[in-house]
Amino acid sequence: MASTSTPPITIQIHSSSKTNFPSKPLIQTSLKLPFSPTTYKLDVRVVRSSSPTKYNEVVVDEEIERIRRLQNGSDVRGVAVEGEKGRTVDLTPPVVEAIAESFGEWVVKGLEKENARISLGRDPRISGASLSASVFAGLARAGCVVFDMGLATTPACFMSTQLPPFAYDASIMMTASHLPYTRNGLKFFTKRGGLTSPEVEEICDKAATKYANRLTKVSTMLSIPPTRVDFMSNYSKHLREIIKERVNHPLHYDTPLKGFQIIVNAGNGSGGFFTWDVLDKLGADTFGSLHLNPDGMFPNHIPNPEDKTAMALTRAAVLENSADLGVVFDTDVDRSGVVDSKGNPINGDRLIALMSAIVLREHPETTIVTDARTSMALTRFITARGGQHCLYRVGYRNVIDKGVLLNKDGIETHLMMETSGHGALKENYFLDDGAYIVVKIIIQMVRMKLEGSDEGIGSLIKDLEEPFESVELRMNVISEPRHAKQQAIEVIESFREYIEEGRLEGWELDSCGDCWVSEGCLVDSNDSALAVDAHMYRAKVSDKEHGEHGWVHIRQSIHNPNIAVNMQSSVPGGCQSMTKLLRDKFLVASGVDKILDISQIDKYARSGVVK
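Just so it is clear, the structure is predicted and the values come from calculations on it, not from any experiment. (Residues numbered from 1 in each chain as written. Predicted model: local features only at pLDDT ≥ 70, side-chain atom pairs only at ≥ 80, totals over all residues. Heavy atoms only, no water.)

(A) Structural context of the overall build of the protein chain. Of the regular secondary structure elements, the protein chain holds 15 helices and 28 strands. Among the 611 residues that make up the protein chain, the fraction classed as buried is 56%. If you take every contact in the protein chain between residues at least 6 apart in sequence, the share linking residues at least 24 apart comes to 69%. When the accessible surface of the protein chain is summed, it comes to about 25,800 Å², and 50% of that surface belongs to carbon and sulfur atoms. (Helix = DSSP H or I, 4+ residues; strand = E, 2+ residues; numbered from the N terminus. Buried < 20%, exposed > 50% of the residue type's maximum accessible area, 1.4 Å probe, protein only. Contact = heavy atoms within 4.5 Å. Areas by Shrake-Rupley, 256 points an atom, 1.4 Å probe, with all protein chains shown as cover.)

Below you can see the structure in the form of structure tokens.
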């Protein structure tokens, strides 16, 4: 056999007498490595400074702060490739390696054992392959044994820590969910579930110090590649077995979906597997499904059940094919939405109501946790069916962790859902799994058919009232990124003070059962309160003419340097009226409009139109 030549590895060495790095290398050389026919470009940066003190104080501090800002609540997210106006690449291979190494060390320390077994899955983003190599390198440096799942979903990564024969010690999913193709990120799991925000903060702090104090910014190459595993087939089988067992079809047990047409819109993300490896094998007709092939550029629409284009295309396919159900997944399949047989989109409050109706049939009087942006009508829907509704802080991790905490306190809580489409059930490891949510809906749909009903799953929420008006507005923080978070907190705390001092007439901080808003949007009232990852408040709004007619929820975004304002009203023009009061009596009156871009608020206050 003819020998194959190994392409060289290019090493670029940079030097600078300044605190920033030059763009051109001073030294370039090539090496040949025997273990791989692939060309790797290693960017080695050597910093020489005439003032070490200045370097330590300026460059190191800036690098540490930049990596800390990559924390996104319980995830890590950043810009991985160029192409986004106004954003520079900050999630580089060396940065990812430092974060992965710190996570590996954190796992090893927590388990008190060497050779921790950690898996990695990824969505189809174009930066996935190069950043995966950095994750493998970082975990190897931490002494971990690495397993490559390839294209996977976020829920599957967690399940790889549970299902035999895999049962890894921990897992990482590389994804930026519904964000543009330029972004990427990391989600972390152990056998007990997703990491908390404080845990991810600890890992990012260690990674930042590692990265900033490394003289060479280089991603280490592995002499031994990670073990490639096919976990997705095992995960798909797991979902199929759940459907077969719970439907228990009297005529065709192994094909309980025979006679049903189900259309899946995967949005060119990781969700295509659900069509060919779950639905098809259970006998469903999936003709008409959309965008199943993975494509990291997401050419058709944003993979997001909240996206209007995604829902509209799925609705059209359902109606055109007279299908029984349409399914929309986000990129990494931890969120989902559906379309019923009549073409009605079911996401947001409607999806929570549908899942509440299903869960309350199985667990009467259970508590259901949602974020504080859900409607007053949803509360009435849940309580009318005997359930308890616990409003909690925005953020899917907050909502899920609240459900875990309530169960520990002896309050039976089977469903936790956020309006974005994240939904977790007690029966499924408290895991926000978009595919599992769809599995529950499909099981209910088949059961209804076996009971003789032709109404479809949409009939379960036919009495859900819709808010007369609902709007979301954003205010960017005009500040350097390092100061934006603190300034957003100050604005939101000022909002609380204005309401408590009565400066917004008819506005009152909202409350809900054992939780209350007055100290940070539904703060826990027990001794084991959860950490606050973002500041937020919700105010209920009343006037003399209509009484209590709406609410305003203001929160610090954990994704971007901005403040989100959500509001709902039961009267025509209510949202516009509340926006005017917010602008005139708080934003302008307090002077915080000087550090915020309130153009969207101002435009809606004047025109009643959101763009």
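(B) Representation of the packing of aromatic side chains in the model. As enumerated under the stated definition, the model contains 14 aromatic pairs in all. Look at Phe-103 and Phe-188: their rings are 4.8 Å apart centre to centre, the planes differ by 40 degrees, and that puts the pair in the tilted class. Of this pair, Phe-103 sits in helix H2 (residues 93-111) while Phe-188 sits in strand E9 (residues 183-190), and the two are 85 residues apart along the sequence. Judged by relative accessible area, Phe-103 falls into the buried class, the value being 0%. (Phe/Tyr/Trp six-rings, centres within 6.5 Å; stacked < 30°, edge-to-face > 60°.)

(C) Spatial organisation of the packing of helix H13 (residues 481-500) against helix H14 (residues 574-590). Relative orientation of the contacting elements H13 and H14 amounts to 120 degrees, with a least axis distance of 11 Å. Here H13 is positioned oblique relative to H14, judged by the angle of their axes. Both H13 and H14 take part in a crossing whose hand is right-handed. Residue-level contacts link Val-491, Ser-494, Phe-495 and Tyr-498 of H13 to Leu-582, Lys-585, Phe-586, Ala-589 and Ser-590 of H14. Its residues assigned to classes, the contact of H13 with H14 shows six nonpolar, two polar and one charged. (Axes fitted to C-alpha atoms, helices over the stretch in contact; angles between N-to-C directions. Parallel < 35°, antiparallel > 145°, perpendicular 65-115°, else oblique. Left-handed = near helix turned anticlockwise from the far one by under 90°. Nonpolar A, V, L, I, M, F, W, Y, C, P; charged D, E, K, R; others polar.)

(D) Fine view of the packing of helix H6 (residues 231-247) against helix H12 (residues 434-450). Following both chains from N to C, one finds H6 and H12 inclined at 25 degrees, their axes separated by 10 Å at the closest point. By the angle class used here, H6 and H12 are roughly parallel. Relative to H12, H6 is oriented so that their crossing is right-handed. Across the interface between the two elements, Tyr-235, Leu-239, Ile-242, Ile-243, Arg-246 and Val-247 of H6 pack against Ala-435, Tyr-436, Val-439, Lys-440, Ile-443, Val-446, Arg-447 and Leu-450 of H12. Split by residue class, the contact of H6 with H12 holds 11 nonpolar, no polar and three charged.

(E) Layout of the pairing of strand E27 (residues 562-569). Extensive coverage of E27 is indicated by the burial of eight of its eight residues. Side chains Asn-562, Ala-564, Asn-566 and Gln-568 of E27 all project onto a buried face; the interleaved residues Ile-563, Val-565, Met-567 and Ser-569 project onto the opposite face, where all are buried too. Strand direction decides the pairing type here: strand E21 (residues 469-477) and E27, joined by eight bridges, are antiparallel. Each residue of the ladder has a partner; that of Ser-470, found in E27, is Gln-568. As paired elements, strand E26 (residues 547-556) and E27 share seven bridges and run antiparallel to each other. Bridging from a neighbouring strand, Val-552 pairs with Met-567 of E27. (Pairing = 2+ DSSP bridges.)

(F) Spotlight on the pattern of salt bridges. A complete count under the given rule lists 39 salt bridges for this structure. Where Glu-105 meets Lys-210, a salt bridge forms, and the shortest distance between an N and an O atom there is 3.0 Å. Of this pair, Glu-105 sits in helix H2 while Lys-210 sits in helix H5 (residues 197-212); the two residues are 105 residues apart in sequence, bridging distant segments of the chain. The partner of Asp-463 in a salt bridge is Arg-385, with the nearest N and O atoms 2.8 Å apart. Within this pair, whereas Asp-463 is found in the loop between H12 and E21, its partner Arg-385 is found in the loop between helix H10 (376-384) and strand E17 (388-392), the two being separated by 78 residues in sequence. For Asp-463, a relative accessible area of 47% puts it in the partly exposed group. (Salt bridge = Lys/Arg side-chain N within 4 Å of Asp/Glu carboxyl O.)

(G) View of the pairing of E17. Burial runs high along E17: four of the five residues are buried. Across five bridges, the pairing between strand E16 (residues 367-371) and E17 is parallel. Bridge pairing in E17 links Thr-370 to Leu-391. Crossover connection from E16 via H10 to parallel E17: handedness right-handed. (Right-handed = clockwise from strand over helix to strand, strands pointing away.)

(H) Unusual backbone geometry, seen in detail. Cis geometry marks the peptide bond from Pro-164 to Pro-165; its omega dihedral reads 5 degrees. With a phi angle near 55 degrees, Glu-112 is a residue other than glycine that sits in the positive phi range. Following the sequence through the fold, Glu-112 ends up in the loop between H2 and strand E6 (117-122). Here Glu-112 falls in the exposed class, since its relative accessible area comes to 72%. Phi is positive for Glu-365, which is not a glycine, with a value near 70 degrees. Here Glu-365 is to be found in the loop between helix H9 (349-362) and E16.

(I) Examining the nonpolar core more closely. Core analysis: the biggest nonpolar cluster contains 70 residues, and Phe-274, Ile-441 and Ile-442 have the highest contact counts within it. Looking at this core, the element that brings in the most residues is H12, giving 11 residues. (Core = buried A, V, L, I, M, F, W, Y, C linked by side-chain atoms within 4.5 Å.)

(J) Representation of the sheet that holds strand E28 (residues 596-597) within the structure. Ordered in space as E22-E25-E26-E27-E21-E28, the six strands form an open sheet in which the pairing is antiparallel. Each of the sheet's edge strands pairs with one partner strand only, and the pair in question is strand E22 (507-509) and E28. The strands touched by helix H15 (residues 599-607) are E21, E27 and E28; relative to E21, the strand with the most contacts, the crossing angle is about 145 degrees.

(K) Spatial organisation of H15. Looking only at H15, the buried set comprises Ile-601, Tyr-604 and Ala-605. Relative to the axis of H15, the buried residues are bounded by an arc of 100 degrees and lie together on one face. As for H15, its buried residues are in contact with E21, E27 and H14. Directly after H15, the chain includes Gly-608, whose backbone phi takes a positive value near 75 degrees. (Arc of directions from axis to C-beta.)

(L) Spotlight on the environment of Glu-65. As for its placement among the helices and strands, Glu-65 is situated in helix H1 (residues 52-68). Judged by its relative accessible area of 23%, Glu-65 is partly exposed. Measuring from C-alpha to C-alpha, the distance between Glu-65 and Thr-209 comes to 9.6 Å, with 144 residues separating the pair along the chain.

(M) The sheet that holds strand E20 (residues 431-432), seen in detail. Taken together, five strands build an open sheet; the order of strands is E17-E16-E18-E19-E20 and the sheet is mixed. Across the chains shown, the open sheet's two edge strands, defined by having one partner strand only, are E17 and E20. Contacts from H10 reach E16 and E17, with the element oriented near 150 degrees to E17.

(N) A look at the environment of Ile-382. As for its position among the elements, Ile-382 is in helix H10. Judged by its relative accessible area of 0%, Ile-382 falls in the buried class. For the pair formed by Ile-382 and Glu-365, sequence separation is 17 residues and the distance between their alpha carbons is 9.4 Å. Setting aside residues no more than four positions away along its own chain, Ile-382 makes contact with Ser-356, Leu-360, Ile-368, Gly-387, Gln-388 and His-389.

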